Every structure is written in structure tokens, then in C-alpha cells.
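# Observations on the three-dimensional arrangement
The lines below spell out each chain.
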Amino acid sequence: MSALLPLVKSKAMTEVEFIRQAGVPRAVARQFIKNDGATMRKAPPPFLTTEEDEMLVRFIRSNAYIGRGMTRVDIRGVVGEYIDCLSAARQEAARALFGGRTAPGRSWMDRFLGRWPELQPYRAGTIENGRATHSRPDVIASWFAALTLLYRQLRITHPRQGWNMDETAVNARDVMLHARASIIGGAGISNPEMVLPKIGSGASTCTSVFMVSASGMVAPHFVVVEESVSRHAFVRRQVEGQPAQVIPLASRLGDGATVRRRSPLGLDLHMFDVYCEHLAAFAHNFFPNEKKLLSIDGAKVHFSARGLLTLVRARFNVVVEPSAMSHLLQALDSPAAFGRFQPSLRFAVRTRSNACVRLGEAFGPVKLMDCIAEASSASLTVRALSSAFQRVGMWPLNPRAISMEALSKGAQVPVVDVDLEALVSRLIPIVSKELKRVMVSNGTLSTAGRATVLTSDEVIGALLDMDAAKDKAKSEKEKAKNVRAEQALTKKMDEAKKQQGAADRAAVAAWKRVVSDAKPATRARLLRDKRAGGAEKRG
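Residues numbered from 1 in each chain as written. Predicted model: local features only at pLDDT ≥ 70, side-chain atom pairs only at ≥ 80, totals over all residues. Heavy atoms only, no water.

## As for the state of the cysteines
Put plainly, a disulfide is one covalent bond tying together the sulfur atoms of two cysteines. The tally for this structure, following the rule as stated, stands at 0 disulfides. The thiol of cysteine 371 is not disulfide-bonded; the next cysteine sulfur, from cysteine 356, is found 8.5 Å away. (Disulfide = S-S within 2.5 Å.)

## Structural notes on the packing of aromatic side chains
Inspection of the entire model under this criterion finds 11 aromatic pairs. On the basis of an interplanar angle of 70° and a centroid distance of 5.0 Å, the ring pair of phenylalanine 222 and tyrosine 275 is categorised as edge-to-face. You can see phenylalanine 222 sitting in strand 3 (residues 222-226) and its partner tyrosine 275 sitting in helix 11 (residues 269-283), a full 53 residues away along the chain. For phenylalanine 222, a relative accessible area of 0% corresponds to the buried category. Judged by its relative accessible area of 1%, tyrosine 275 is buried. Ring centres of phenylalanine 282 and phenylalanine 286 lie 5.4 Å apart, and the angle between their planes is 20°; on these two criteria the pair is classed as stacked. (Phe/Tyr/Trp six-rings, centres within 6.5 Å; stacked < 30°, edge-to-face > 60°. Helix = DSSP H or I, 4+ residues; strand = E, 2+ residues; numbered from the N terminus. Buried < 20%, exposed > 50% of the residue type's maximum accessible area, 1.4 Å probe, protein only.)

## So, the pairing of strand 2 (residues 205-213)
When you tally the buried positions in strand 2, you get 9 out of 9 residues, the bulk of the element. The side-chain alternation of strand 2 yields two buried faces, one formed by Thr205, Thr207, Val209, Met211 and Ser213 and the other by Cys206, Ser208, Phe210 and Val212. Here 4 bridges tie strand 2 to strand 3, and the two strands are oriented antiparallel to one another. The residue of strand 3 that forms the bridge with threonine 207 is valine 224. (Pairing = 2+ DSSP bridges.)

## Observations regarding the nonpolar core
Of all hydrophobic cores here, the largest spans 72 residues; its most connected members are Ile140, Val259, Phe363 and Met369. A total of 12 residues in this core trace back to one element, the largest contributor, which is helix 9 (residues 137-154). Within the second largest apolar cluster, 34 residues are counted, among which are Ala219, Phe316, Val459 and Ile460. (Core = buried A, V, L, I, M, F, W, Y, C linked by side-chain atoms within 4.5 Å.)

## A word on unusual backbone geometry
Of note, the bond from serine 263 into proline 264 is cis; its omega dihedral lies within 30 degrees of zero at 0°. Cis geometry is adopted by the peptide bond preceding proline 396, which originates at tryptophan 395 and carries an omega value of -10°. Here proline 396 shows up in the loop between helix 16 (382-391) and helix 17 (404-408). The backbone phi angle of arginine 155 is positive, close to 60°, even though this residue is not glycine. Counting through the fold element by element, arginine 155 comes out in the loop between helix 9 and strand 1 (162-171). Relative accessible area serves as the criterion here: at 67%, arginine 155 is assigned to the exposed category. With a phi close to 65°, arginine 315 is a non-glycine residue in the positive phi region.

## Section: the sheet that holds strand 7 (residues 292-296)
Overall, mixed pairing links the 7 strands, which are arranged 6-3-2-1-7-8-11 in an open sheet. For this open sheet the edge positions go to strand 6 (258-262) and strand 11 (452-453), each flanked by a neighbour on one side alone. Two elements, strand 1 and strand 7, share 3 bridges in a ladder whose sense is parallel. Across the sheet, residue glycine 162 finds its bridge partner in strand 7, namely leucine 293. Against the sheet, helix 16 makes contact with strand 1 and strand 2, and its axis sits at roughly 80° relative to strand 2, the strand it touches most. (Contact = heavy atoms within 4.5 Å. Axes fitted to C-alpha atoms, helices over the stretch in contact; angles between N-to-C directions.)

Shown next, in the form of C-alpha cells:
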């Protein structure tokens, strides 16, 4: 084709003859001739200069690094805003290039990415803004300074002394409805679907509380299922021709497990007290003379003085992580712990739901407990839990385990050069004074930006004072409510008396009108009847 191009350009060969000899479609031949031998259509020249392109690349990379990644649409929008700030001449040039608009289109974006191969597309996860803004190097360093002090004071020398507690929702119904599974079938199925089993009462969702150690030990399960009455959970199974069988749900989870019913689902202060008693029973049989350090998140349901005193008697020292930081500092939140448990749970739920369909059974609470037991034993292994504690730097103690990339998420500028170990050593004297300091905000304990030892005398005393203040306010509120109820009842009785008096007066007035309008004989009879009725009442 290239050899024939000069003949076509000089009119020595017709276009038809060129197409016949080249053996290509007419559109390809015409495009080849029009572009002077180029096999592809010539792209328009880039609108942005090289310096502007480089500035845009730096802007895109910085935003992606700090958790503010931009989509293709976002980038085109930013370029459009930039062009709107340029001179009128450049804006007119942009409109001529971009079809009458100042914002570029999809083809410009493709060419831009082609010029800069170091820009790559990624599938990004999400992080809450509150978590992102609290992920500061000083907060991370203060947490590790607190752990350094506590390890030293409590003589934490073995991984079995370091524990982490967290709860997770187990939603079997959502797994069945939304999870996708690969099935094997014959060719030609246009819309493969799977039948779901009937979900029994209390089997759709539950809350599972886990406590694990850096040595790979998992404390006995504690599960809360939904039920209007708060009590131990059990189910009745009736087999035809046999007496009803009572099955405690805790028996499906192993020795020492506890399953309680509650509505609404989840933990509250009372249920946290029950959980602390559950942990204390376990601790009395697991190195009872050793001090243990338990890290938990800053959920307000954990601020129960009664439950914390129960843990103190079991030789647990509880430290709460800085608020909104569990995604970086909590071992159970790492991909090696709950990141393995949730996929294992989904697999177990799908497997048992399919078996229920084949057997014609309902997916009940017993099967839900079996799924939790199977998923935890498969995922929360010794190796996985040891890796989870290493990922967050809790055991062995290692501030460098928190990456600079994780700290940059949500920051105004990327965190590129922070020596966390040096910062930890400098913060230890400050943190030693802050660990037991009580900060109250909006009537509750505040853990924003700092670690707090919940089992210290100062914190427990403050929690008891807050509980007493809440009880007093509740009592006064109840007293005021009773006073308002008495006042309302008195007012209602007074209104009823007024209404009855008005009704009596209206009845007397009506009787008088009847008497006055009656004939003489009838009036005399009415008056005799009234006098006779009054005499009977007096008698």
C-alpha cells in the first residue's frame, strides 16, 4: 500500500484501482490515503501543555495516595474547571477541540492515559471520613507509647497475655440473598437461579463477639441472637413419635460458649456486663495468676463500671483504642482475622442452605451456630491470629507495622517521612500522664485521639459517678413524670366535675321547662312525684 500511495497522490492511479490492487476495504483505503500512509486516524494535538500535563499527573497521584482517588469523570471535571480559569482565547480553542464544551470527553481521557503509562486504574475500597481524619501519626505514636508503658508496668512478656476483643454481625439472610455461587449445569441455561430455604425464627442474623490472643488462643464464643425476651437461647426440636428435644444453642459452639437472646440485636451495657462475666469465667481457668491486657474499641457500650470491675477481678487490664482507629490498630479487624472469617462464614452459610433445600428443611438457629463454629475454626487459626497481631504491631510491639500509606488516607498532604519509633519514645512521658486521665464529653467518656485505661481507678470512679448522675437524673425525671401524671389526673377530675355540674344544671333547667309548659293537672302530678322522690331519698 505504501508503494502505491505516491501514484494515487499524483493522480497516476485512480482510487478504485488502488483499492483493487491493495485488496483492502474502501474505508481503510480512503483513511490510508487521507492520513498520508498512517494506518490509524490522526489524533488531535493535546490541548494541555507538557507542564500542565505533568501538574495534572502529580495532582492525580497525590489525591490517590491520601485516599481521595479520582475517577475518569472526576479528572475530566477538574480539567474543565481549570480551562474555565484560562484566557478567552484558550477557552475558545478548547471548545473547538472538545465539541463546544470546555470539559474534555472520553477520547481525550484515553489519549491522556496513553501519554502517561505510570497512571494505572485501581479498584478502590472505602474508608469512613471520621476514621481517615483520626489516622494521624501522633495518634498512632501515642497508642504505641501507651502499649509500651502498659507492657512494662503489667510485665506482658508472653503473647498469651495480649488480647483483643471485637464483635461482628453475622447476617445469614443477606448472604443467601446476595452471595453469588458458581454452579454446574447443562449448556443453554439462560438465567440460572437457586432456591433458598425457609429461614427459621432467630436464624437470619446475630452478633458474634470474639476475643483472641496473640498466641492464637480464641476465647469461648459469645453470641447474641434476636429475641424479645433476654435469656439463654435454646430451640425445641420435635420429631414425630418422640418427646420434644431441647437443644441449647451454646452446645453447638464448643465448651464454655454462651448464646443469649436480646432485641434489638447487639450489645448494650447490660449485655456487656454479661459478656464480662463470661470472660471472667474463662480467665479463671486460663493462667489465672497472670495479668492480661485486653484492647477494645471505643464503643460506648463498653463503658460499664460493673463489667469492668468484673474484668479487674479476673486480672484483665482493659485499654481502649483511640476512637475511629480500629481499622488500623485492632487485630481482629485485620485481613488475617475477620478478613478470613467473613468469607469462611459465607461459604458455610451457602453450603448449609443448599443442603437445607435438598433435605426440605428450614435454615434454623442451630445451623447458624454450626456455620459460626465452622468458620471460626477454619479461619481464626494460630498462624492467622499471630499474623493479625503482627499486622497491627501489637505483638511483637512494632510501630513500623503501620504503613505511611495507611496514615496518608484522609490527610491534607501525604505522610512521607515520619519516624514513628522516635516519636513513640518522645511521647512516652506525656502518655504516662494521659493514660488514666478522664475526659468527659456530652455526658460520656471521650477517647478521641488517645488511648485510655478503662480499668484504672480514676476511670472506673468517673464511670460510677456518671452512672450515679444518670440514675439520679432518671429518678428525677421519673418523679417529675409522676407529678405531671398526678396533675393531669387532678385536672381531668376537675374538668369531669365541671362537666357533671353543667349536665346537672342543664337537667334541672330542662325539667323546669317541662313543668312550666305542662297542663295544670300534669304539673301537679310532676310536682307530687318530685316531692315523693325527695322523701324516698331522705328516708
